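Chain residues, written in single-letter form:
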Amino acid sequence: MNDMRQMTTLGRRIEDESFSIIDNEAGPHSYSPGEWQVVRRIIHATADFEFKELARFSPDAIAEGIRALRAGSPVLADVKMILAGLNEDRLAAYGCRTHCFISDEDVIAAAREAGSTRAIESMRKAHRLGLLNGAIVAVGNAPTALLEVARLVKEEGARPALVIGVPVGFVSAAESKEAVLELPVPHIAVRGRKGGSTIAVSIIHALLMLSADGVKA
């Protein structure tokens, strides 16, 4: 038992039953055991089995995500909602610090001056501060943030440890995820318009569970 589980006996029983239902109703799949832990937690968070068909992983995504967590890598989010949902104690146990710059005054000013978005400028700030390299980057809300991360990787040599690309929306959401699938860095994404901060949180929590369970990175 680890501290990512529910804290009460009844809570654990409900969680275990939920995952049992998911496993039974999902049926056969081609995911690796580690990948399935991520997908089933997404389904658990959303009650949406379509994510079984939408989730995509680079071959090294699970191993690199676990390695980054165990190494105490920073976690960079596009919105504060992701940070609010994360298990801070577990992240702190590994030495991981969380960052979100979208509400910083300099980011807002830069977005207004450049005619861009706060999400874009927040990722540029992270890159200037040297936080992108080796970080777990989680984007659950802003497609422009994800597109900027893709640009920084391709054009400026940024090398995150893992990119989690799951923004929800209608404008550029699907396109931003397709851009992530082409990146030469480890990545997890869900194709199409569906996504959200809750999904980004569930992916990181699944990786924390795998890390705590002693899965080899």
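Residues numbered from 1 in each chain as written. Predicted model: local features only at pLDDT ≥ 70, side-chain atom pairs only at ≥ 80, totals over all residues. Heavy atoms only, no water.

Engineer: Got a minute to help me understand the pattern of salt bridges in this structure?
Structural biologist: Taken as a whole and assessed by the stated rule, the structure comprises 13 salt bridges. In this structure, Lys 194 engages Glu 50 in a salt bridge whose closest nitrogen and oxygen atoms are separated by 2.6 Å. You can see Lys 194 sitting in the loop between strand E6 (187-190) and helix H11 (197-212) and its partner Glu 50 sitting in the loop between helix H2 (33-46) and helix H3 (51-54), a full 144 residues away along the chain. For Lys 194, a relative accessible area of 30% translates into the label partly exposed. The closest approach of N and O atoms between Arg 124 and Glu 121, which form a salt bridge, is 3.0 Å. Of this pair, Arg 124 and Glu 121 both sit in helix H8 (residues 118-128), 3 residues apart, roughly one helical turn. For Arg 124, a relative accessible area of 29% corresponds to the partly exposed category. One continuous salt-bridge network, built from bridges that share partners, spans Glu 121, Arg 124, Glu 148, Arg 151, Glu 155 and Glu 156. (Salt bridge = Lys/Arg side-chain N within 4 Å of Asp/Glu carboxyl O. Helix = DSSP H or I, 4+ residues; strand = E, 2+ residues; numbered from the N terminus. Buried < 20%, exposed > 50% of the residue type's maximum accessible area, 1.4 Å probe, protein only.)

Engineer: Looking at this model, I keep getting lost on the UniProt feature "domain: Cobalamin biosynthesis precorrin-8X methylmutase CobH/CbiC" (unreviewed entry) in the chain. Mind explaining?
Structural biologist: Here the UniProt feature "domain: Cobalamin biosynthesis precorrin-8X methylmutase CobH/CbiC" (unreviewed entry) sits at residues 14-209. Structurally, residues 14-209 comprises 57% helix and 10% strand, and the distance from its first C-alpha atom to its last is 17 Å. (UniProt positions renumbered as here; feature names shortened; annotations may be inferred.)

Engineer: Would you take a moment to explain the layout of surface pockets for this structure?
Structural biologist: Where empty space is left in the structure can be found by rolling a water-sized probe over the atoms. Approximately 170 Å³ is the volume found for the second largest pocket. Lining the second largest pocket are 11 residues, with Phe 19, Gln 37, Arg 40, Arg 41 and Met 209 positioned closest to its centre. If you list the elements that add at least two residues to the lining of the second largest pocket, you get helix H1 (9-26), H2 and H11. Here the lining of the second largest pocket is composed, by residue class, of 4 nonpolar, 1 polar and 6 charged. (1 Å grid on protein atoms, 1.4 Å probe; cavity = no way out; pocket = protein on both sides within 12 Å on 5 of 7 lines; lining within 4 Å. Points joined across faces, edges and corners; volume = space filled by probe spheres on them. Nonpolar A, V, L, I, M, F, W, Y, C, P; charged D, E, K, R; others polar.)

Engineer: How do you make sense of the packing of helix H9 (residues 143-156) against helix H10 (residues 173-181) when you look at a structure like this?
Structural biologist: Relative orientation and spacing of two packed helices are given, respectively, by the angle between their axes and the distance between those axes. At a closest axis distance of 9 Å, the pairing of H9 and H10 adopts a crossing angle of 25°. With respect to their mutual orientation, H9 and H10 come out roughly parallel. Handedness of the H9/H10 crossing: left-handed. In this structure, H9 uses Pro 143, Leu 146, Leu 147, Ala 150 and Lys 154 to contact H10, whose residues at the interface are Ala 173, Ser 176, Lys 177, Ala 179 and Val 180. Of the residues assigned to the contact of H9 with H10, the class counts are 7 nonpolar, 1 polar and 2 charged. (Axes fitted to C-alpha atoms, helices over the stretch in contact; angles between N-to-C directions. Parallel < 35°, antiparallel > 145°, perpendicular 65-115°, else oblique. Left-handed = near helix turned anticlockwise from the far one by under 90°. Contact = heavy atoms within 4.5 Å.)

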